[in-house]
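Residues per chain are reported as follows:
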Amino acid sequence: MKIIIVGAGISGLSLYLHLRKHLPSPPSSQPPHTITIYEAHKPRSTPAAIQDSSFAELSSSTAIVGGGLGISPNGMRVLHSLSPALHAAVTTQGFRCENFDFRSSRGWKLHKTPTSDKNVKRPDGEEVREEWCVASSRHGLWSVLMDAVVEDGGKVIYRKVVDAGVTGLGRPFVRFEDGAEEEADLIVGADGVWSAVKRGVFDAEDERFSPKYEKLAGVGGFLDMPIPEDVLHDRSMVFTFGANGFFGYSPYSPSKNRMMAWSTFETEAVPAKKGFDVEEIKQQLTERHKGWKDPVISNIINTIEIDSVYPVFTTPELPHWGENGLVLIGDAAHALQPTTGQGASQALEDAQTFSFLLTHHLKKAYSEGSDISEADAIVLSSKSLYELRRLRVKTLADRARMIDAGKMKQTIWAELLLCLFLWLVGKFQFVGK
Ligand SMILES: Cc1cc2nc3c(=O)[nH]c(=O)nc-3n(C[C@H](O)[C@H](O)[C@H](O)COP(=O)(O)OP(=O)(O)OC[C@H]3O[C@@H](n4cnc5c(N)ncnc54)[C@H](O)[C@@H]3O)c2cc1C
């Protein structure tokens, strides 16, 4: 079977590794599976890289591999099942964050909640390994996955896909910038929120399927700064909410002198121009957070190098995640609000689930006397992926929408109400469930 993965981001690289680990070999009469990854952007990680990037490029989160994220316990679990060594490598280069610490810009400590999933029960009652959230640079997570792909002999070809579709004979294909086309048995769009593969699945002009701007933008970066003692002691990621925005900071590496920080704020329109003035963004940050009580925040703003600017785009709920051998995973299928802290983890879950499903159906297709073909196995797998995963992703998106309301400009009453809500969540864990 010939497989093309479009996008060497978190979902594309992890899918490659899962497929290589799990897919059954085809019968000896057929050629072995081949997997090719096409990636549009050579990775860049310098602050200068954001200056000449459009918002669409910036939203494609590995266009600029800088920026930080949290890999939630569920994401870490997927990494462990893929390879304990890979799980260890991600943990070692990152920071195992044991608590989420919610605060108000007025200096109130609202609540602290453990990130561990120790109390999460599986439906079958089976004990699960305890996992925590790991804070990491995007680049750190991406590099570990990329190294594993390269070590496996995987091929990442830097070539931009502009479109996808299905031939008259029912075979999926991708089209490149120079007009060349390539067919395969299975094409997976792991190409982020502005997915080109999605254009082969849904009408690109139809607004129901287009990325939606959430009127929020994130700014983030890394800095040399001693980690505050309470943060180091409790191994915390700190989230502070105020009337005019949000600020988060956390360690993200083994160093006691490196931090990552990010802020989210409301911007009505997505600026159309190319290029960003990093100094202007810093000035805006200073203005927005002046008067916030936590001195760590003002220290950070004075020192930070802005590495990433992310206008928040989400994918509307889609009626399916692919058909006829074209399949969407990760942000291409369901870009979530960053507030979920689940974008990377859901991408990892998609890759694992799809590879399990395809393995299951292919084993059937390859068994003697089977009445299903490879093509049937692909169609069945993409249908089941949607059925299994859709509700989980929707629940996360709905919950994030509630929290995002707290990142928009608000009246003092709305701000106090949000503080009360966050405090109550800590006091009575059932609130907000
Ligand atoms: C501000 C912000 C903060 C976030 N914070 C978190 C967090 O705390 N925790 C978390 O888990 N997630 C977070 N995320 C989300 C997370 O980064 C993404 O959800 C996750 O990376 C999705 O992975 P993906 O592989 O599906 O997409 P992407 O990472 O976007 O990868 C897509 C890949 O496809 C490539 N590509 C795009 N178009 C083409 C094309 N036409 N041809 C070929 N290649 C193409 C891109 O260059 C990229 O390499 C955050 C996102 C944002 C914007």
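Here's what I pulled together on the structure shown here. Please read all numbers here as calculations on a predicted model, not as lab measurements. (Residues numbered from 1 in each chain as written. Predicted model: local features only at pLDDT ≥ 70, side-chain atom pairs only at ≥ 80, totals over all residues.)

1. Comments concerning the overall build of the chain
Just so we agree on the cut-off: Strands here are runs of E lasting at least two residues and helices are runs of H or I lasting at least four, both read from the DSSP assignment and numbered beginning at the N terminus. Think of it this way: build a C-beta for each residue from its backbone, and any pair within 7 Å is a contact.
Secondary structure assignment for the chain yields 13 helices and 18 strands. The long-range share in the chain, meaning contacts at least 24 apart out of those at least 6 apart in sequence, stands at 74%.

2. Side note on the pairing of strand S9 (residues 161–166)
Worth spelling out the cut-off: Strands are labelled as partners when DSSP assigns at least two bridges between them.
Sheet topology note: the S9/strand S10 (residues 172–176) ladder contains 5 bridges and is antiparallel. Within the sheet, the bridge partner assigned to Gly165 lies in S10 and is Phe173. In this antiparallel pair of consecutive strands, S9 and S10, the connection spans 5 residues, and Gly170 shows a positive phi of 85 degrees.

3. Here we look at the site of the ligand
Note the following rule: Using the backbone to place each C-beta atom, any residue with that atom within 6 Å of a molecule or strand is considered near it. For this scheme, ten residues count as nonpolar: Ala, Val, Leu, Ile, Met, Phe, Trp, Tyr, Cys and Pro. Four count as charged, namely Asp, Glu, Lys and Arg, and the remainder, Gly too, count as polar.
Within the structure, the ligand sits among 36 residues, and Gly7, Gly9, Gly192, Gly330 and Gly343 are positioned closest to it. For the shell around the ligand, the secondary structure elements donating two or more residues are helix H1 (10–22), strand S2 (34–39), strand S3 (68–71) and helix H11 (343–366). In terms of residues, the shell around the ligand owes the most to one element, H11, which gives 4 residues. Residue composition of the shell around the ligand, grouped by class: 16 nonpolar, 16 polar and 4 charged.

4. Quick word on the environment of Leu362
The test is simple: Three exposure classes are used, all based on how many other C-beta atoms lie within 10 Å of a residue's own C-beta (placed from the backbone): buried at 20 or more, exposed at 12 or fewer, and partly exposed between those limits.
By the element assignment, Leu362 lies in helix H11. Taking the number of C-beta atoms within 10 Å as the measure of exposure, Leu362 has 25 and is therefore buried. Here the alpha-carbon distance between Leu362 and Leu23, two residues 339 residues apart in the chain, equals 7.7 Å. If we ignore the near neighbours within four places in the chain, the residues touching Leu362 are Leu23, Pro24, Glu374 and Ala377.

5. Focus on the packing of helix H4 (residues 73–82) against H11
Two measures define how a pair of helices packs: the angle their axes make with one another and the distance between the axes. To be explicit about the condition: Here an axis means a line fitted to C-alpha atoms, over the contact stretch when the element is a helix, while the angle between two N-to-C directions is reported on a 0 to 180 degree scale. Oblique is the label for every angle not falling under 35 degrees (roughly parallel), over 145 degrees (roughly antiparallel), or within 65 to 115 degrees (roughly perpendicular). Crossings are assigned a handedness: left-handed for a near helix turned anticlockwise from the far helix by less than a right angle, right-handed for a clockwise turn.
As a packed pair, H4 and H11 sit with axes 8 Å apart at the nearest point and diverge in direction by 40 degrees. It follows from the interaxial angle that H4 and H11 lie oblique. Crossing angle aside, the handedness with which H4 passes H11 is left-handed. Residues Asn74, Gly75, Val78, Leu79 and Ser81 of H4 form the contact with H11, whose own contacting residues are Ala344, Ser345, Leu348, Glu349 and Gln352. When grouped by side-chain class, the residues that make up the contact of H4 with H11 number 4 nonpolar, 5 polar and 1 charged.

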